[in-house]
Amino acid sequence: MSNAASIGIDIGSTSWKGCVVDSKGRVMASRIQESDPRIKEQTARLLAELMADTGASSQVPVIATGYGRKQVEATRQVTEITCHTKGCFHQTGKPGVLIDIGGQDTKVIHIGPKGSVLDFQMNDKCAAGTGRFLEVILQRLRIPLDQVGQHISSKGEGVKVSSTCTVFAESEVVSLVAQGARVEAIARGVLEALAARVSSLAGKVPEQLPLFMSGGVALNPAMVAILAEALGRPITVLDNPQLVGAHGAALSGGG
Amino acid sequence: MMLRRMQYEFMKNAGGTFLTGLQRYQAFKKRGKRGARPPFGPPLESVERLKEIMTRYYFTGRYADGAVPVAWVTSGFPSEALVALGYHLVYPENHAALCGARRKGGKMCGAAEEFGYPRDICSYVRTDLGSLLSKKTPVGRLPKPDLLCCCTNICQTVLYWYRALAKHLDVPLVIIDTPFIYGEAPTHHLEYVRGQLDQFIEVAERIGGKKLSPEHFVDTVKKAQRASSLWGECLATGKAKPSPWSAIDSFFHIAPVVTIRGSDECVDYYQMLLNELTERARKGVGAIDNERHRLLWDNLPIWFLVRDLALATAERGFQFVCATYSNAWAEAGSQIDPSTPLDSTARTYTSVYLNRDLDNRTRSLIQLARDFDADGAVLHSDRSCKPYSVGQVDVRNRLMEEEGIRAMLLEADHNDERSFSKEQALTRLQAFMEAFDE
């Protein structure tokens, strides 16, 4: 008999994340893949894989989160805000402020002592200050996302990129390149612009609490370091940061 | 003129009634008998009457110009004298809201933008100018005005909006300038507004070709005051648990007190609505099946989203029980004193919700939340209405820190769905609601 207690899936704009947890909330199996626009097919395929890995039956509840959550048949649909909070609290067991920079939006969540959402901030309607912003601009600079740390100049050497609007920033970068600015200096400028944007959201939550980070952008050490610089406080990147939302969704299975 | 007047009266009395009867029959055939549709409770019976009144109002309007004097007025304009002088009134804001609720706001805003009106202007303004310039409206036709009447008590944008209308339509414009109130209105402000009222009435008499009869004026003021008071009583029934109707319902039922206040029909309507709501409250009939949390709404409705909003909240047992927007109409009109009609009109219309300082407004909002026992608040940060949205972050903090009421800002636009991201907004709202049950 399988120990699988619930399955959480997080269908984001950039990647599909899913995991199966046991009755203690421990991850038994997981999948992370680039998002396919055919959400239903991808979900069916990956769910079948997860179930095969863990022996989970079709009776095991499936909790869906992320932007694609309404597209799939699930036992429950819960927002990413609640799921990231649950996933974070499961790991840390303490109150804090969680920064989740996803592909489409950025959230700053104030987590209370009992692991509930006390308050949250999200970016505005556009992709300013999100993973997508980083992706688009770094692509323009021909810097692979996972190697950005090796391609940025030192602190104080970055050029100023004033816009965090993805479209405007891209044209700003084009003109900086045309003016002969160093690619490394522009890359740092871009990361600093994103950090400024995120810290303006984080500025609205209490200062004394520890900072945690989840979401795909947390895998990027250079970005985390620049964000910590901008906030003037250390940031703890959660284990397997991309999976925090799906894990939190699975943990919502009992409620 | 005579023929046109006969046609107008016929349409008002016979044509309008026939049309609304036909509409009702068609709706009945399409939908079958009205019953409760979970998660909502049984619908309000008065809705049929409301539709009838508003259909007749817009239908009659098509035949008004050339028959009776016509004025286009801002929602906060002291319109009682115009009603007493026999004007047919058009409220462009109401018309824009109607376009918005039918999801035509974005398209009409786009039409205004084609004529050079930038996207930063209020979407009511763009909807109406777009409608005027593209000659398209879901109500068939709006009558051409003889007079434009603008009162700055709701915002300063109306000033520029009505100047643009005056230019496009080539008709005279009356402006009533109401100084912004910090604390209490000083006497010289009220005298200043009162002076403008006197001048406005002279202009309205001249253009309408008729002298204002003091008795008729007082009678109209009394009816307007009565309708506003009844409106307030209707809203107050929402204090019952469960609330017999929602603030979202009130966004629609507000239409008569805006457009036809001062008439018997308006008073009768709110008396009917009040009777129904009182009865529902007495029997414990709620607007939704399972009212677990009670929310306050701040700012204008998001007209194109009201149905989604009602469903998203009702499904989770959340109910909007009060709204500063609906309440503003009860707060103001009910204070007119028919024994001093002009002085009290000056005071009332100068002291409307949006013409008062933030501290005053916050106090009034908090009192509303307390009176209706709200445990949550959604503050619509309206891209198109800055006077209403400024200060909401402070309001939110005060609600949370001083009152222990959870509050969120919902970024949207009241009429332009192009300036809005539905998925993100509804996710935000859902996360806000999830936090109540953690």
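Preceding this section is the structure that the text describes.
Here is what the cut-offs are and how they apply
- Residues numbered from 1 in each chain as written.
- Chains lettered and ligands numbered in written order.
- Predicted model: local features only at pLDDT ≥ 70, side-chain atom pairs only at ≥ 80, totals over all residues.
- Heavy atoms only, no water.
- Helix = DSSP H or I, 4+ residues; strand = E, 2+ residues; numbered from the N terminus.
- Rg over C-alpha atoms; globule rule 2.2 N^0.38 Å.
- Buried < 20%, exposed > 50% of the residue type's maximum accessible area, 1.4 Å probe, protein only.
- Contact = heavy atoms within 4.5 Å.
- Areas by Shrake-Rupley, 256 points an atom, 1.4 Å probe, with all protein chains shown as cover.
- Lys, Arg positive; Asp, Glu negative; His and termini not counted.
- Charge placed at Lys NZ, Arg CZ, Asp CG, Glu CD.
- Buried area = accessible area lost by both parts, 1.4 Å probe.
- Polar contact = N/O pair within 3.5 Å; in protein donor to acceptor, adjacent residues only side chain to side chain.
- Nonpolar A, V, L, I, M, F, W, Y, C, P; charged D, E, K, R; others polar.
- 1 Å grid on protein atoms, 1.4 Å probe; cavity = no way out; pocket = protein on both sides within 12 Å on 5 of 7 lines; lining within 4 Å.
- Points joined across faces, edges and corners; volume = space filled by probe spheres on them.
- Pairing = 2+ DSSP bridges.
- Axes fitted to C-alpha atoms, helices over the stretch in contact; angles between N-to-C directions.
- Patch = residues over 30% accessible without salt bridge, like charges linked within 9 Å, V, L, I, M, F, W, Y side chains within 5 Å.
- Salt bridge = Lys/Arg side-chain N within 4 Å of Asp/Glu carboxyl O.
- Core = buried A, V, L, I, M, F, W, Y, C linked by side-chain atoms within 4.5 Å.

Peer 1: Is there a simple way to explain the overall build of chain B in this structure?
Peer 2: Of regular secondary structure, chain B possesses 19 helices and 8 strands. In terms of C-alpha radius of gyration, chain B reaches 21 Å, essentially the compact-globule figure of 22 Å for 438 residues. C-alpha atoms of chain B, sized along the principal axes, occupy 65 × 55 × 50 Å. Taking all 438 residues of chain B together, 60% fall into the buried category. Sequence separation of 24 or more characterises 79% of the internal contacts of chain B that already satisfy a separation of 6 or more. By element, 54% of the accessible surface of chain B is carried by carbon and sulfur atoms, the whole surface being about 17900 Å². Of note, chain B has its 56 positive side-chain charges centred 7 Å away from the centre of its 54 negative side-chain charges.

Peer 1: Would you mind going over the interface of chain A and chain B with me for this structure?
Peer 2: By convention, interface size is frequently given as the accessible area that disappears when the constituent parts associate. Every contact between the two is made by 22 residues of chain A and, on the other side, 17 residues of chain B. Between chain A and chain B lies a buried interface of about 1700 Å² when both sides are counted; carbon and sulfur atoms form 44% of it. Counting the contacts that link chain A with chain B gives 6 residue pairs in polar contact (both at pLDDT 80 or more). Elements with a contribution of two residues or more to the side of chain A that touches chain B: helix H2 (80-92) and strand E8 (117-122) of chain A. The biggest single contributor to the side of chain A that touches chain B is E8(A), with 6 residues. A class-by-class count of the residues in the side of chain A that touches chain B yields 7 nonpolar, 7 polar and 8 charged.

Peer 1: Hey, could you run me through empty space enclosed by the protein in this one?
Peer 2: Over the atoms a probe the size of a water molecule is rolled, and this reveals where empty space is left. Residues and elements named next belong to chain B. Inspection of the entire model under this criterion finds 4 cavities of 30 Å³ or more. Residue assignment for the lining of the largest cavity shows that the elements contributing at least two residues are helix H10 (247-253), strand E6 (318-323) and helix H14 (324-333). A breakdown of the residues in the lining of the largest cavity according to their chemical character gives 8 nonpolar, 5 polar and no charged.

Peer 1: What should I look at first to understand the sheet that holds E8(A) in this one?
Peer 2: Whenever strands of a sheet pair, they do so through backbone hydrogen bonds, lying parallel or antiparallel. Residue and element names in this part refer to chain A. Ordered by their spatial adjacency, 5 strands build an open sheet running E8-E7-E6-E9-E10, and the pairing between neighbours is mixed. Of all the strands in the sheet, the pair left with one neighbour each is E8 and strand E10 (235-237). Ignoring strand direction, the axes of neighbouring strands in this sheet form an average angle of 25 degrees. Of the pairings in the sheet, the one linking strand E7 (residues 106-111) to E8 comprises 5 bridges and is antiparallel in character. Looking at E8, one finds that Ile109 is bridged to Phe120. Against the sheet, H2 engages strand E6 (96-101), E7, E8 and strand E9 (211-214), with an angle of about 55 degrees to E7. The strands touched by helix H6 (residues 221-231) are E6, E9 and E10; relative to E10, the strand with the most contacts, the crossing angle is about 155 degrees.

Peer 1: Where do I start with the environment of A:Val167 in this structure?
Peer 2: Residues and elements named next belong to chain A. Here Val167 shows up in helix H4 (residues 166-178). Here Val167 falls in the exposed class, since its relative accessible area comes to 57%. Placed 134 residues apart in sequence, Val167 and Gln33 show a C-alpha to C-alpha distance of 26 Å.

Peer 1: Would you mind going over helix H5 (residues 105-114) of chain B with me for this structure?
Peer 2: Each full turn of the α-helix corresponds to 3.6 residues, which orients residues three or four apart in the same direction. Residue and element names in this part refer to chain B. Among the 10 residues of H5, 7 are classified as buried, and the element is accordingly described as predominantly covered. Those residues of H5 that sit buried are Gly105, Gly106, Met108, Cys109, Gly110, Ala111 and Ala112. For H5, the elements touching its buried residues are helix H4 (92-101) and helix H6 (123-134). Of the residues one or two after H5, Gly116 is the one with positive phi, at around 100 degrees.

Peer 1: What's the story with a positive patch on the surface in this structure? I'm lost.
Peer 2: A cluster of basic residues, B:Arg102, B:Lys104, B:Lys107 and B:Lys136, forms a positive patch at the surface. Mapping B:Arg102 onto the fold places it in the loop between H4 and H5.

Peer 1: So what exactly am I meant to see when it comes to the nonpolar core here?
Peer 2: General note: in soluble globular proteins, nonpolar side chains tend to be found buried as a group. Within the largest apolar cluster, 138 residues are counted, with the highest numbers of intra-cluster contacts made by B:Leu82, B:Phe200, B:Trp231 and B:Tyr270. When residues no more than four places from it in sequence are discounted, the contact partners of B:Tyr270 are B:Ala227, B:Leu230, B:Trp231, B:Cys234, B:His253, B:Ile254, B:Ala255, B:Pro256 and B:Val257. Counting 39 residues, the second-largest nonpolar core is a separate cluster that includes A:Val97, A:Phe133, A:Ala195 and A:Ile235.

Peer 1: Whenever I open this one, the pairing of strand E4 (residues 62-65) of chain A confuses me. Can you help?
Peer 2: Every regular strand shows the same layout, with side chains that alternate between the two sheet faces. Residues and elements named next belong to chain A. Burial along E4 is two-sided: Val62 and Ala64 and Ile63 and Thr65, pointing in opposite directions, are all buried. Where strand E1 (residues 4-11) lies against E4, 4 bridges are found, and the strand directions are parallel. Its bridge partner lying in E4, Ile9 is registered against Ala64. Sheet topology note: the E4/strand E5 (residues 76-77) ladder contains 2 bridges and is parallel. Within E5, the position partnered with Ala64 by the bridge is Gln77.

Peer 1: When you look at the pattern of salt bridges in this model, what are you seeing that I'm missing?
Peer 2: Where charged atoms of side chains with opposite charge meet at close range, the side chains can pair. If you walk through the whole model with that rule in mind, you get 44 salt bridges over all chains. For A:Lys107, the salt bridge is made with A:Asp105, and the minimal N-O distance between the two is 2.9 Å. For B:Arg194, the salt bridge identified is with B:Asp198, shortest N-O distance 3.3 Å. One end of the pair is B:Arg194 and the other is B:Asp198, both in helix H8 (residues 187-208) and 4 residues apart, which spans about a single turn. Taking relative accessible area as the criterion, B:Arg194 reaches 25% and is therefore assigned partly exposed. The network of salt bridges with common partners includes B:Arg49, B:Glu52, B:Arg56 and B:Glu265.

So yeah, pure geometry; function would need other evidence.
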